[in-house]
Amino acid sequence: MSLFHPVNLVCPQCEAPVSMMAVGSVNADRRPDLREDILTDRFQDVACGACGESFRLQPQFNYLDAGRGQWIAAMPASRMRDHLELEDEATALFSSSYGTNAPAAAREVGSGLAVRLTFGWPAIREKLLVRQLELDDVIVEMMKLHILRSVETAPLSEGVELRLVDADEEGDGYVFAWLETASEKFVEYLSVPAELYKAIQDNASGWDAIRSRLETGPFVDFQKLYMGEGRQAG
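Throughout, a residue's number is its position along its own chain's written sequence, starting from 1. Predicted model: local features are reported for residues with pLDDT of at least 70 only, side-chain atom pairs are reported and counted for 80 or more only, and whole-chain, interface and lining totals are derived from all residues. To obtain the side-chain values, all non-hydrogen atoms of the structure were used and water was disregarded.

**Examining the packing of helix H5 (residues 137-150) against helix H6 (residues 194-202)**
Argument step 1. For the pair H5 and H6, interaxial distance at closest approach is 10 Å and the crossing angle is 110°. By the angle between their directions, the pair H5 and H6 is classed as roughly perpendicular. The two elements H5 and H6 meet at a crossing, and its hand is right-handed. Where H5 abuts H6, its residues Ile139, Val140, Met142, Met143 and His146 lie against Leu196, Tyr197, Ile200 and Gln201.
Argument step 2. Note on residue classes: Ala, Val, Leu, Ile, Met, Phe, Trp, Tyr, Cys and Pro are nonpolar, Asp, Glu, Lys and Arg are charged, and everything else, Gly too, is polar. Of the residues belonging to the contact of H5 with H6, the class tally is 7 nonpolar, 2 polar and no charged. Axis lines are fitted to C-alpha atoms, over the contacting stretch for helices. Their N-to-C directions set the angle, which ranges from 0 to 180 degrees. We count a stretch as a helix when DSSP gives it H or I for four or more residues in a row; a strand needs E for two or more, and each element gets its number in order from the N terminus. By definition in this entry, angles of less than 35 degrees are roughly parallel, angles greater than 145 are roughly antiparallel, angles of 65 to 115 are roughly perpendicular, and the rest are oblique. Helix crossings fall into two classes, left-handed where the near helix is turned counterclockwise from the far one by less than a right angle and right-handed where it is turned clockwise. We call two residues in contact whenever any of their non-hydrogen atoms come within 4.5 Å of each other.

**Regarding a negative patch on the surface**
Argument step 1. A patch consists of residues exposed above 30% relative accessible area that lack any salt bridge, with like charges linked at up to 9 Å and nonpolar side chains (Val, Leu, Ile, Met, Phe, Trp, Tyr) linked at up to 5 Å. For the accessible areas, the method is Shrake-Rupley and the probe is 1.4 Å, while residue cover comes only from the protein chains on display. For salt bridges, the criterion is a side-chain nitrogen of Lys or Arg within 4 Å of an Asp or Glu carboxyl oxygen. Positive charges are assigned to Lys and Arg, negative charges to Asp and Glu, while His and the chain termini are left out of the count. Taken as the charge location is NZ of Lys, CZ of Arg, CG of Asp or CD of Glu. On the surface, Asp166, Glu169, Glu170, Asp172 and Glu195 cluster together to form a negatively charged patch.
Argument step 2. Tracing the backbone through its elements, the reader meets Glu195 in helix H6.
Argument step 3. Under the scheme applied here, a residue whose accessible area is under 20% of the maximum for its type counts as buried, over 50% as exposed, and between as partly exposed, the area being computed with a 1.4 Å probe on protein chains only. By relative accessible area, Glu195 is classed as exposed at 56%.

**A word on empty space enclosed by the protein**
Argument step 1. Using a 1 Å grid laid over the protein atoms alone, points where a 1.4 Å probe fits but cannot get out form a cavity; open sets with protein on both sides within 12 Å along at least 5 of 7 lines form a pocket; any residue with an atom within 4 Å of a point counts as lining. Grid points are joined across faces, edges and corners, and a volume is the space filled by probe spheres set on the points. This structure, assessed with the given rule, holds 1 cavity of 30 Å³ or more.
Argument step 2. Reported here for the largest cavity is a volume of approximately 40 Å³.
Argument step 3. Around the largest cavity, the lining residues are Leu117, Thr118, Phe119, Ala123, Lys127, Arg163, Phe219, Val220 and Asp221.
Argument step 4. When residues in the lining of the largest cavity are grouped by element, the largest group, 3 residues, is from strand E7 (residues 114-119).
Argument step 5. By residue class, the composition of the lining of the largest cavity is 5 nonpolar, 1 polar and 3 charged.

**Here's the deal with unusual backbone geometry**
Argument step 1. Phi is positive for Glu134, which is not a glycine, with a value near 60°.
Argument step 2. Counting through the fold element by element, Glu134 comes out in the loop between helix H4 (121-132) and H5.
Argument step 3. Residues other than glycine seldom take positive phi values, yet Glu184 does so here, at roughly 65°.
Argument step 4. Within the fold, Glu184 resides in the loop between strand E9 (173-180) and strand E10 (186-193).

**Thoughts on the sheet that holds strand E2 (residues 17-27)**
Argument step 1. With respect to topology, 5 strands assemble into an open sheet ordered E1-E2-E5-E6-E7, the strand pairing being mixed. Since the sheet does not close on itself, it has two edges, and those belong to strand E1 (3-10) and E7, each with one partner. On average, adjacent strands in this sheet sit at an angle of 25° to one another, irrespective of strand direction.
Argument step 2. Of the strands in this sheet, E1, E2 and strand E5 (61-65) touch helix H1 (residues 32-39), which is tilted by about 115° from E5. Following DSSP output, two strands are said to pair if at least two bridges run between them.

**Regarding the sheet that holds E9**
Argument step 1. Ordered by their spatial adjacency, 3 strands build an open sheet running E8-E9-E10, and the pairing between neighbours is antiparallel. In this open sheet, the two edge strands, each paired with only one partner strand, are strand E8 (160-167) and E10. Looking at each pair of strands side by side, their axes are set apart by 25° on average, direction ignored.
Argument step 2. Pairing of E8 with E9, which is carried by 7 bridges, proceeds in the antiparallel orientation. For Leu162, the partnering residue across the bridge sits in E9 and is Trp178.

**What about the environment of Arg211?**
Argument step 1. Within the secondary structure, Arg211 is located in helix H7 (residues 208-214).
Argument step 2. Separated by 138 residues in the primary sequence, Arg211 and Ala73 have C-alpha atoms spaced 21 Å apart.
Argument step 3. Apart from residues no more than four positions distant in its own chain, Arg211 is found in contact with Asp136, Val138, Ile139 and Met142.

**Brief notes about the packing of aromatic side chains**
Two aromatic rings, taken as a pair, are described by how far apart their centres are and by the angle between their planes.
Argument step 1. Any two rings among Phe, Tyr and Trp, with Trp reduced to its six-membered ring, count as a pair given centres within 6.5 Å; such a pair is stacked if its planes are under 30 degrees apart, edge-to-face if over 60, and tilted if neither. Across all of its chains, the model carries 9 aromatic pairs by this definition.
Argument step 2. Where Phe94 meets Tyr98, the ring centres are 6.0 Å apart and the plane angle is 35°; that geometry is what we call tilted.
Argument step 3. An angle of 15° between the planes, with centres 5.0 Å apart, marks the rings of Phe186 and Tyr189 as stacked.
Argument step 4. Note on Phe186: relative accessible area 39%, which makes it partly exposed.
Argument step 5. A residue is classified by how much of its surface remains accessible, and Tyr189, at 52% relative accessible area, is exposed.
Argument step 6. In this structure an aromatic cluster arises from ring pairing among Phe43, Phe61 and Trp121.
Argument step 7. Note on criteria: charge over ring means Lys NZ or Arg CZ within 6 Å of the ring centre, with the direction from the centre no more than 35 degrees off the ring normal. Over the face of the ring belonging to Trp121 we find Arg56, whose NZ or CZ atom lies 4.1 Å from the ring centre.

Here's what the structure looks like:
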């Protein structure tokens, strides 16, 4: 079941009060339209009745798509530096809902779910797109690391992220973009050949140490490798 609750906001443009229904959980199996809204960047948009300004409520909900094997704790981008604490919270919530502490029927569903934690709209959209394209999200993060090592300059900075945003029109590569997390505005695009994904996939031993670090918890994102010591790989 997808659950919503009323919230009162303030328009960032004119400071008028704005009311909307905020999502607490999304069940994409029952509401595929909500999954589509996330992929098309229109989920949780709201327009101010006073000035017409449109803005977007930051994500803070749980996402379930049993058919595609996904369970995601989606959090606001501003909380990324709390990822270790939120990983623990997400793991505990999943355990009680679909994991070891859940009823038998729920555990059966949970056995087929990949558990992830994301921060900001571009991140959760990317996770849905990765699954739609039948890719391994860990390899996609490794592709980003390769890109960073290969380009002469990169606009990576606080509040600017590198995200997979599409497959190219010819179907033989992928489109990545540098974008501002808060505004979701694109800064720069780049096309990456599909051969890079396959090269990393075929060189599992060469990337094993990086994979281990990316998989220390449900926050599978290369940015955590640059955020302090982090959690130790098991």
